[in-house]
Each structure stands twice: as structure tokens, then as C-alpha cells.
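# Descriptive structure summary
As a plain string of letters, each chain reads:
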Amino acid sequence: MKKVAVLISGRGSNLGSLIAAQEGSYKIILVISNNADAAGLERAAAAGIATLIVPHAGKTRDSFDGELDAALRAAGAEIVVLAGFMRILSDGFVRGWEGKLVNIHPSLLPAYKGIKVHERVIEARETLSGASVHFVVPELDAGPVIAQARVPVHPSDTPDALAARVLGVEHQLYPEALTLLAKGKVRLEKGLAVFTDTP
Ligand code: GRF
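Throughout what follows, the structure given in this document is the object of discussion. (Residues numbered from 1 in each chain as written. Predicted model: local features only at pLDDT ≥ 70, side-chain atom pairs only at ≥ 80, totals over all residues. Heavy atoms only, no water.)

## Remarks on the side chain of D65
As a reminder of what qualifies: Going along the chain from the N terminus, every DSSP run of H or I of four or more residues is numbered as a helix, and every run of E of two or more is numbered as a strand. Only protein chains enter the accessibility calculation, which uses a 1.4 Å probe. A residue is then buried if its area is under 20% of the maximum for its type, exposed if over 50%, and partly exposed in between. Here the positive residues are Lys and Arg and the negative ones are Asp and Glu; neither His nor the chain ends is included. Salt bridge, as applied in this entry: a Lys or Arg side-chain nitrogen positioned within 4 Å of an Asp or Glu carboxyl oxygen. Pairs of N or O atoms are called polar contacts if they sit within 3.5 Å, as long as, within protein, a hydrogen donor faces a hydrogen acceptor (for residues adjacent in sequence, only side-chain-to-side-chain pairs). In what follows, residue pairs with any heavy atoms lying within 4.5 Å of each other are defined as contacts.
For D65, the position within the fold is in helix α3 (residues 61-75). No salt bridge is formed by the buried D65. Its closest oppositely charged neighbour is R61, at 5.9 Å. At a separation of 2.6 Å, a polar atom in the side chain of D65 contacts the main-chain amide nitrogen of S90. In this structure, D65 is in contact with L89, S90 and F93, ignoring residues within four places of it in sequence.

Next up, the structure:
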């Protein structure tokens, strides 16, 4: 069973879905938030998972990332999962966890990297959107995709309505993608997501 740490900044609904699906191939051993008020911390505590608050205010990126790294190593984390973690991680941190660091993004990457995704998808009159789980590389939202799920975009959608529809598929997608990684069925190799043993 792979030891997983989850980094959050807020609500933590993806954390909730990862908690619900654990114990098959991975176990969440630590949840870290940069925000003391993150609702996800309560979900973790309710599930009996250790939590840690690492505030970012007043720190350089390197010292904040150094604290995160030390806490993750001390806990024995083998995989680090970003789930609504709203800080950009330094290149050094990302390289240190290469192939073991994943994120979920609410678009069909490489389309719509960055923030305000749903607003931009609606503005562009897309008919399809979705979510992507990807390996994290130093460039923002640019890492190789492990898994994606699609949802329709309706002409009447507001950003909130579309966000809710995408979130619904995120909750299925993230545990599935993490399970693939924890079982060694996908790995990062020369900048590509390489799959083994898939049907
Ligand atoms: C999700 O939409 C995820 O794709 C994005 O941030 C949001 C986090 O939501 N990276 P939650 O905190 O997991 O509820």
C-alpha cells in the first residue's frame, strides 16, 4: 500500500473522494494545508488522518517548499497529491518529487491551463469540457496526462453549473488515476506518461 500525502488549500471535496476510495492500493497518511481555515482539514481529521498546517505568508517560495518537503519526507510519503492546492511549487520541489507528484485540473488539458477555466470555456462556446489528472512538471498545468474525463457544456451553463458538473467527474477520476499510479501501472518516463498492463 503506497503512502500518500494530500496537499489542499480549501474545500477538499477531491480529498473526500480520495479518502473514500483508499485502502485498496494507497493509504493517505498526511494532509497538509497552507490555509488554516481549509474545510478539507476537517474531512481529514474526521477520517483519522494526520493534518498539518504550513502557512505560506511571510516566507519565500523556497523556504515554504522546504518546509513542505521536510514534512512529507518525515511522514514517509511516497506519492504527493495536489487537490485544490493553490500555491505554485518551486522547480526544486517538483524535481524532488518527479513522477510521484500529481494534480487534478478542471479542464481537458492541454486546453485551458491556469485559472478561471470555466469562465473561459463558456466564453469560447465550447461544447465539451472535463477534468485531467496529470504528473506535475515545473511548467504550470503542463505535465503529462494520466487520465481524463469529459462532460458536456450546455449553452445555458454558468461557470458554477459547469464547475459542479466537472467536479462530479473529478471525484471518480482522481481515485482511479491515483490507483493506477500507486499500483505502478503508470509512470513518468522521459516526460511522458507510460502505461503498463492496461486493457
Ligand atoms: C477542483 O476543481 C480541482 O480541479 C482544482 O481545484 C478544485 C478543488 O476542489 N484543482 P476541492 O477542494 O477538491 O473541492
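## A few points about the sheet that holds strand β2 (residues 26-33)
How we decide: When DSSP finds two or more bridges between a pair of strands, those strands are recorded as paired. Lines are fitted to the C-alpha atoms to define the axes, a helix being fitted only along its stretch in contact, and any angle between axes, read from their N-to-C directions, falls within 0 to 180 degrees.
Read across the sheet, 7 strands follow the order β3-β2-β1-β4-β5-β6-β7 without closing on themselves; strand pairing throughout is mixed. At either margin of the open sheet sits one strand with a lone partner, and together these are β3 (51-53) and β7 (145-152). If you compare each strand with its neighbour and ignore which way they point, the axes differ by 20 degrees on average. Pairing between strand β1 (residues 2-8) and strand β4 (residues 79-82): 4 bridges, direction parallel. Across the sheet, residue A5 finds its bridge partner in β4, namely V80. Sitting on the sheet, helix α6 (residues 159-182) is in contact with β1, β2, β4, β5 (101-105), β6 (128-135) and β7, with an inclination near 155 degrees to β7.

## A few points about the packing of aromatic side chains
Here is the rule: Each Phe, Tyr or Trp ring, with Trp reduced to its six-membered ring, pairs with another whose centre is within 6.5 Å; inter-plane angles below 30 degrees give stacked pairs, above 60 give edge-to-face pairs, and intermediate values give tilted ones.
For the structure on display, the rule yields 1 aromatic pair. Judged by centre distance (6.4 Å) and plane angle (10 degrees), the rings of F64 and F85 are stacked. Taken together, the residues F64 in helix α3 and F85 in the loop between β4 and α4 (91-96) connect sequence positions 21 residues apart. Residue class for F64 comes out buried when judged on its relative accessible area of 3%.

## A word on the environment of G99
Residue placement: G99 occurs in the loop between α4 and β5. The buried category is assigned to G99, whose relative accessible area is 17%. Expressed as a C-alpha distance, the spacing of G99 and L192, which sit 93 residues apart in the sequence, is 9.9 Å. Aside from chain neighbours lying at most four places away, what touches G99 is F135, L181 and L188.

## Regarding the nonpolar core
Here is the rule: Residues belong to a common nonpolar core when they are buried Ala, Val, Leu, Ile, Met, Phe, Trp, Tyr or Cys residues joined through side-chain atoms within 4.5 Å.
Core analysis: the largest hydrophobic core is formed by 39 residues, its most contacted members being V6, I28, V31 and V81. By residue number, the principal contributor to this core is α6, which donates 9 residues. Leave out the neighbours within four places in its chain, and V81 touches V4, A5, V6, L7, L18, V102, Y174 and L178. If you look at the next biggest cluster of nonpolar residues, it comprises 19 residues, including A5, A71, V80 and F85.

## Digging into the pattern of salt bridges
In the structure shown here, the tally under the stated rule is 5 salt bridges. The salt bridge involving R73 is made with D69; its shortest N-O contact spans 3.3 Å. Taken together, the residues span about one helical turn, with R73 and D69 both in helix α3 at a distance of 4 residues. On the basis of relative accessibility, which here comes to 43%, the residue R73 falls in the partly exposed class. In this structure, D157 and R165 form a salt bridge, with 2.7 Å as the shortest nitrogen-oxygen distance. With relative accessibility at 9%, the residue D157 sits in the buried group.

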